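Examining the three-dimensional arrangement
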Amino acid sequence: MFKGTNASSGIGIGKAVIVEEAELVIKREAVADKTAEVERFKGALDKTMKDTERMAADLATRVGEKEAEIMQGHLMLLMDPMLTGEIENTITGEGICSEYAIEQVCTTYADMFASMDDELMQQRATDMRDIKTRMQRVLLGVESVDISALPEGSILVAKDLTPSMTAGINPKHVTGIVTELGGKTSHSAILARALEIPAVVAVTDFLKNVANGDTVVLDGSEGVVYVNPTAEVEQEYSAKREKFLKEKKELEQYIGKPTVTKDGVTIELVANIGKPQDVEKVLQYDAEGIGLFRTEFLFMDRTAMPTEEEQFEAYKTVAEKMEGKPVIIRTLDIGGDKEIPYMGLEKDENPFLGYRAIRFCLDRKDDVYRPQLRALLRASAYGNIRIMIPMVTCLDEYREAKALIEEIKKELDGEGIAYKKDIQVGIMVETAAASLMADAFAKEVDFFSIGTNDLTQYTMSVDRGNDKVSYLYSPLNPAVLRSIKRVITCAREAGIMVGMCGEAASDPMMIPLLLAFGLNEFSMSASAILYSRKLITNYSIEELQAVADKAMSFVTVKEVEDYMRAFIG
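Residues numbered from 1 in each chain as written. Predicted model: local features only at pLDDT ≥ 70, side-chain atom pairs only at ≥ 80, totals over all residues. Heavy atoms only, no water.

**A closer look at helix 13 (residues 365-379)**
- With 12 of 15 residues buried, helix 13 lies mostly within the body of the structure.
- Within helix 13, the full set of buried residues consists of Val368, Tyr369, Arg370, Pro371, Gln372, Leu373, Arg374, Ala375, Leu376, Leu377, Arg378 and Ala379.
- Buried residues along helix 13 sit in contact with helix 10 (296-299), helix 11 (308-321), strand 11 (326-330), helix 12 (357-363), strand 12 (384-389) and helix 14 (395-415). (Buried < 20%, exposed > 50% of the residue type's maximum accessible area, 1.4 Å probe, protein only. Helix = DSSP H or I, 4+ residues; strand = E, 2+ residues; numbered from the N terminus. Contact = heavy atoms within 4.5 Å.)

**Considerations on the packing of aromatic side chains**
- This structure, assessed with the given rule, holds 7 aromatic pairs.
- For the pair Phe312 and Tyr382, a centre-to-centre distance of 6.0 Å together with 65 degrees between the ring planes defines the contact as edge-to-face. With Phe312 in helix 11 and Tyr382 in the loop between helix 13 and strand 12, the pair connects residues that are 70 residues apart, well separated along the chain.
- Seen in terms of ring centroids, Tyr539 and Phe567 are 6.1 Å apart; in terms of plane orientation they differ by 20 degrees. Their pairing is stacked. Linking Tyr539 in the loop between helix 20 (529-537) and helix 21 (541-552) with Phe567 in helix 22 (residues 557-568), this pair joins segments that are 28 residues apart in sequence.
- Assessed through its relative accessible area of 13%, Tyr539 is described here as buried.
- On the basis of relative accessible area, Phe567 is assigned to the partly exposed category, the value being 34%.
- Its guanidinium or amino end placed over the ring of Tyr382, Lys316 lies 4.7 Å from that ring's centre, counting from NZ or CZ.
- The ring of Phe312 carries the charged tip of Arg378 above its face, separated from the ring centre by 4.1 Å. (Phe/Tyr/Trp six-rings, centres within 6.5 Å; stacked < 30°, edge-to-face > 60°. Lys NZ or Arg CZ within 6 Å of the ring centre and 35° of its normal.)

**Digging into the nonpolar core**
- Among the nonpolar cores identified, the biggest contains 103 residues, and Tyr315, Phe448, Ile484 and Phe522 are the most heavily contacted of them.
- Apart from the residues within four sequence positions on either side, Tyr315 is in contact with Phe293, Thr295, Leu298, Ile329, Gln372, Ala375, Leu376, Ala379 and Ile385. (Core = buried A, V, L, I, M, F, W, Y, C linked by side-chain atoms within 4.5 Å.)

**Concerning the pattern of salt bridges**
- Evaluation of the coordinates by the stated rule reveals 38 salt bridges.
- Between Lys42 and Glu39 there is a salt bridge, and its shortest N-O distance comes to 3.8 Å. Remark: Glu39 and Lys42 occur in helix 1 (residues 34-62); sequence separation between them is 3 residues, near one turn of the helix.
- Residue Glu39 is classed as partly exposed on the basis of its relative accessible area of 46%.
- Asp333 is the partner of Arg330 in a salt bridge, and the nearest nitrogen-oxygen pair spans 3.8 Å. (Salt bridge = Lys/Arg side-chain N within 4 Å of Asp/Glu carboxyl O.)

**Digging into the layout of surface pockets**
- The volume enclosed by the second largest pocket comes to roughly 1,400 Å³.
- What lines the second largest pocket is a set of 43 residues, and nearest its centre among them are Glu21, Arg137, Ser144, Ser164 and Met165.
- At the level of elements, helix 1, helix 5 (119-140) and helix 6 (163-167) are the ones that each hand at least two residues to the lining of the second largest pocket.
- Taken together, the residues that form the lining of the second largest pocket break down as 14 nonpolar, 11 polar and 18 charged. (1 Å grid on protein atoms, 1.4 Å probe; cavity = no way out; pocket = protein on both sides within 12 Å on 5 of 7 lines; lining within 4 Å. Points joined across faces, edges and corners; volume = space filled by probe spheres on them. Nonpolar A, V, L, I, M, F, W, Y, C, P; charged D, E, K, R; others polar.)

What follows is the structure in structure tokens.
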């Protein structure tokens, strides 16, 4: 048995097919005709772009527009005049072959992306290395492995899968994926989940212990892989697979049903999104609105800030598609673990305690915050948009942002531009300060949304990305639970809506407690909606009060986790 990272849920059983791309040998070769060599590069670039367009179109048809964006991101890199111009200049300036010029320039960019703290930018490093290799293959005449032609019942085994390799997978033939490298947030893992193929990644030295044709059983939910297991193990996982598929099918009955507890309390079950294209999944899984639209993704993957008009179109698109359902849009939250190079942010010693989110926006009102708020207000005329301010620690910040919104409303009135006059403005409660001052905030803001990821981090003084202290990072820690309960109580006493848009909102161990505390709205990944609806509709809030009281009596995270694990069975 081998242990790795659970990247895509489900059980995969089949025969191992090891996919190894031929290693490219790239040498620095001098060229006599620099002009001809630039044309040779342009030919390879053109073919790579056409192949990428084809892959994106294929993904859009087979999987969805959102997943096709990964290959469209490759296309944007290939079309970037800064990148291609630098490669051409390297060819002519150094008189070297295209393959080596591509190696030099793309590796420099990839290393730069990899050094950034932001996960999205780190994925750009993988994408850059992928397009580098693909252009070099075209130049060298080396064919890539055709993953689309794998036989039925294949478990795809590889050192790592590039996004372009994963894009060619036929889910009818591939029953599972195992790689030695990668993580949950890699583009390959994202595509595996979209294709609904079970996947386990980061399995150390797996290729040394598996051969083509070996029977492989993997559990993508637990991150476990077996090679040539016993008949008993294979039968056990076959039964698990049948159960998994049956439960998944049964969840479809919750589409179109209201989210109401057994004792008649209506709960709002909404989704988190990062881009307008994500709305398709929100509608597919029957979410009752959008509880978090992370606008920073509109600012990433580009070389200049989006204009007010570009932002307006993005927000308007989402509002219209949601047809009057609530759409909570968070204003720009950069800094901390999210960097955008063209913003010119200086590196903070401690980015999570530094110049980020509302602090940055209020300092950059004219060029950053005002255009975004204008775009949001204009888009509010097309749907039920609500504005959410992140990382608030004191009332002064909220009041300053609210004053700016009121100022922009007067501007729009003067220009005769429509907007939602009574648009709601709320805050993310994700700091200890906001939690402690929740009673004061509740008297002035229109709603709360608890961001458990940061609230846990700040309450426990723990870097959630640091493995050495990860044992302290849990929303079920009594200190975090007390903080969450206080925020919900303050909101309910003031008569305002209180939601949650952190990972905890879809945690089966947290849902009973949050219902008992009085949470109005649960916001989560679209794919978690139906399972969460099933859980919520099977609970009575009145009956959960005793469970919550017992859980809150414990003083260690282990006691809470053990108790809640036993409760949910």
